[in-house]
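Here is how the chains run, residue by residue.
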Amino acid sequence: MDTAFAWQQLFENWPSTMPRRGLVVTAAGETIEFREFLTSEGLIALERERPDTTGARKVVLAFSAITAVKMTDTEPLAGLKNLGFQGA
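Analysis parameters
- Residues numbered from 1 in each chain as written.
- Predicted model: local features only at pLDDT ≥ 70, side-chain atom pairs only at ≥ 80, totals over all residues.
- Heavy atoms only, no water.
- Pairing = 2+ DSSP bridges.
- Helix = DSSP H or I, 4+ residues; strand = E, 2+ residues; numbered from the N terminus.
- Axes fitted to C-alpha atoms, helices over the stretch in contact; angles between N-to-C directions.
- Contact = heavy atoms within 4.5 Å.
- Buried < 20%, exposed > 50% of the residue type's maximum accessible area, 1.4 Å probe, protein only.
- Arc of directions from axis to C-beta.

Caption draft 1: Main features of the sheet that holds strand β1 (residues 22-26). The three strands lie next to each other as β2-β1-β6, forming an open sheet whose pairing is antiparallel. Pairing within the sheet leaves two strands with one partner each, and these edge strands are β2 (31-34) and β6 (66-70). Each neighbouring strand pair of the sheet contributes to a mean axis angle of 20°, computed without reference to strand direction. In this sheet, β2 lies alongside β1 in antiparallel orientation, the contact comprising four bridges. Bridge pairing links Val25 to Thr31 in β2. In the packing of helix α1 (residues 3-12) onto the sheet, the strands contacted are β1, β2 and β6, and the crossing angle to β6 comes to about 30°.

Caption draft 2: The sheet that holds strand β3 (residues 36-40), seen in detail. Spatially, the three strands line up as an open sheet ordered β3-β4-β5, and their pairing is antiparallel. A strand with exactly one partner marks an edge of an open sheet, and here the two such strands are β3 and β5 (58-62). Looking at each pair of strands side by side, their axes are set apart by 20° on average, direction ignored. With five bridges joining them, strand β4 (residues 43-47) and β5 adopt antiparallel strand pairing. Pairing of Glu47 across the sheet is with Lys58, part of β5.

Caption draft 3: Structural context of α1. For α1, every residue scored as buried is listed here: Ala4, Trp7, Gln8, Leu10 and Phe11. Within α1, the buried residues cover an arc of 160° as seen down the axis, which keeps them to one side. The elements touched by buried residues of α1 are β1, β2, β3, β4 and β6.

In structure tokens, the structure reads:
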């Protein structure tokens, strides 16, 4: 499976019960904390709580540049089944 497509599916199917916040780790090793996001074909727009060192509060990133997503809420792991994850 194409990982860019998988990341896009994850964000497009984000459950409405889960806060739309977390951290995205990029292929360049940058960690981007976000409090909201929007998706389009192949791209995600992330909104930061606080500006980065250059003053930017928003960043547009290709899904193909994402290597990990860290979720900062306390949702039980079973809540991720809505994102397509399976478990016993």
